[in-house]
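Summary of the model geometry
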Amino acid sequence: MTTVITGGSRGIGAATARRLVRDGHRVVISYRQAADEARALEEELGVLAVQADTADENDVARLFDAAGDDITGVVNNAGITSPSGPLAELRTEDLRRVVDVNVIGAFFVAREAARRMTSGSIVNVSSGAATLGSPGEYVHYAATKAAVDALTIGLGKELAPRGIRVNCVQPGTIRTDIHRLSGQPDRPDRVASRIPLGRPGEADEIANAIAWLLSEEASYTTGTILRVAGGM
Ligand code: NAD
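Residues numbered from 1 in each chain as written. Predicted model: local features only at pLDDT ≥ 70, side-chain atom pairs only at ≥ 80, totals over all residues. Heavy atoms only, no water.

In this section: the overall build of the protein. Across its full length, the protein holds nine helices and seven strands. Relative to a compact globule of 232 residues, whose C-alpha radius of gyration would be 17 Å, the protein shows 16 Å and is just as compact. Summarising its shape, the C-alpha atoms of the protein cover approximately 45 × 35 × 35 Å along the three principal directions. Intrachain contacts of the protein at a sequence separation of at least 6 include 69% that bridge at least 24 residues. Of the roughly 10,500 Å² that the protein leaves accessible, carbon and sulfur atoms contribute 50%. Computed over 25 positive and 29 negative side-chain charges, the inter-centroid distance for the protein is 3 Å. (Helix = DSSP H or I, 4+ residues; strand = E, 2+ residues; numbered from the N terminus. Rg over C-alpha atoms; globule rule 2.2 N^0.38 Å. Contact = heavy atoms within 4.5 Å. Areas by Shrake-Rupley, 256 points an atom, 1.4 Å probe, with all protein chains shown as cover. Lys, Arg positive; Asp, Glu negative; His and termini not counted. Charge placed at Lys NZ, Arg CZ, Asp CG, Glu CD.)

Next up on the list: the UniProt feature "domain: Ketoreductase" (unreviewed entry) in the protein. Here the UniProt-annotated "domain: Ketoreductase" (unreviewed entry) positions come out as residues 1-194. The span residues 1-194 is 48% helix and 18% strand, and its two end C-alpha atoms sit 40 Å from each other. (UniProt positions renumbered as here; feature names shortened; annotations may be inferred.)

With respect to the element layout, Asp53 can be found in the loop between strand S3 (48-51) and helix H3 (57-67). Separated by 2.9 Å, the side chain of Asp53 and the backbone nitrogen of Ala55 make a polar contact. Filtering out sequence-adjacent residues up to four positions away, Asp53 remains in contact with Arg32, Asp59, Val60 and Arg97. (Polar contact = N/O pair within 3.5 Å; in protein donor to acceptor, adjacent residues only side chain to side chain.)

Secondary-structure assignment places Glu217 in the loop between helix H9 (203-214) and strand S7 (225-228). Under the relative-accessibility criterion, Glu217 is labelled exposed at 68%. Sequence separation of Glu217 and Asn124 is 93 residues, and the distance between their C-alpha atoms is 18 Å. (Buried < 20%, exposed > 50% of the residue type's maximum accessible area, 1.4 Å probe, protein only.)

With that out of the way, let us pick up the site of the ligand. Residues in close proximity to the ligand total 30 residues, the closest being Ser9, Ile12, Asn77, Tyr141 and Thr176. Within the side chain of Ser9, one N or O atom sits 2.8 Å away from an oxygen atom of the ligand. One nitrogen or oxygen atom from the main chain of Ile12 is found 2.8 Å from an oxygen atom belonging to the ligand. In the complex, 97% of the free accessible area of the ligand, which totals 820 Å², lies under the protein chains. (Near = heavy atom within 4 Å.)

Moving on, we come to the nonpolar core. Residues Ile5, Leu20, Val27, Ile29, Val75, Val169 and Ile210 are the most contacted members of the largest nonpolar core, which totals 27 residues. Secondary-structure elements contributing two or more residues to this core are helix H1 (11-22), strand S2 (26-31), helix H2 (35-45), strand S5 (120-125) and H9. With eight residues, H9 is the largest single contributor of residues to this core. Val169 has contacts with Val123, Asn124, Val125, Ser126, Ser127, Ile206, Ala209, Ile210, Leu213, Leu226 and Val228, leaving out every residue within four places of it along the chain. Ranked by size, the runner-up nonpolar core spans 22 residues in total, among them Val28, Phe108, Ala113 and Ala114. (Core = buried A, V, L, I, M, F, W, Y, C linked by side-chain atoms within 4.5 Å.)

Overall, parallel pairing links the seven strands, which are arranged S3-S2-S1-S4-S5-S6-S7 in an open sheet. Only two strands of the sheet have a single neighbouring strand rather than two, namely S3 and S7. Neighbouring strand axes in the sheet, compared pairwise and without regard to direction, differ in orientation by 20 degrees on average. As paired elements, S2 and S3 share four bridges and run parallel to each other. Counterpart to Tyr31 in the pairing with S3 is Gln51. The sheet contacts of H1 involve strand S1 (2-5), S2, strand S4 (71-76) and strand S6 (164-171), and relative to S1 the element is tilted by about 170 degrees. (Pairing = 2+ DSSP bridges. Axes fitted to C-alpha atoms, helices over the stretch in contact; angles between N-to-C directions.)

Running from amino to carboxyl end, H1 crosses H9 at an angle of 55 degrees, the nearest separation of the two axes being 8 Å. Accordingly, the angle class assigned to the pair H1 and H9 is oblique. The two elements H1 and H9 meet at a crossing, and its hand is right-handed. Residues Gly11, Ile12, Ala15, Thr16, Arg19 and Leu20 of H1 form the contact with H9, whose participating residues are Ala203, Asp204, Ile206, Ala207, Asn208, Ile210, Ala211 and Leu214. Split by residue class, the contact of H1 with H9 holds nine nonpolar, three polar and two charged. (Parallel < 35°, antiparallel > 145°, perpendicular 65-115°, else oblique. Left-handed = near helix turned anticlockwise from the far one by under 90°. Nonpolar A, V, L, I, M, F, W, Y, C, P; charged D, E, K, R; others polar.)

And the structure:
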């Protein structure tokens, strides 16, 4: 039972790795740049960490080669937000990079999973922004995550006859480094009052949902988009 987690070196991916190791999975994580964090996780959890940019199809193929033949789970998690700001102020190269990582990268990972898996479960990580829009900050990012939702719906139907389930988690505002990287480290606290449960989420709370969707307890759930966003 091998599960591949892209962007597993920190944040939601690392929390998912911790949870899945506890659940008995053999876990392979990918990371892009954070080699120190990835090595630390390798030591802590006994996972395998592979440097691979999900926006590069050769890197993605190499990641799946390293994971081996027994892949039953894929967490398609790697994603970026930055930069943030009104669409009118964003640069072409930044828009292309967000699409490259969040959409094309998600396609490459899902395609590799579809080629190699014979059964099991794929969980894509989208965002509540896909439905809520994130005006003034991340409409470009929100649109890329809407693509991930659509990928989930279509691929869920496409792979169902092969016994492979495909679902998606839409996190709300979760305390991770992604906010610091997009220049808004205070964002989780700033938006807390708009969240019905009154606080940002923790990475573990997303990992719990991902672990359930990967598990046999979700055996009749496919093509589903599960929002985990404190009521947003
Ligand atoms: P994070 O920045 O803490 O971690 C992102 C991970 O993705 C890191 O391991 C990083 O190395 C990896 N990564 C980034 N670009 C990559 C690439 N091109 N190739 C391979 N790996 C790459 O972020 P996070 O908050 O843990 O986000 C994880 C996912 O959850 C993302 O898809 C993000 O869009 C989504 N999400 C996060 C939030 C939130 O509030 N934190 C909300 C909604 C959705």
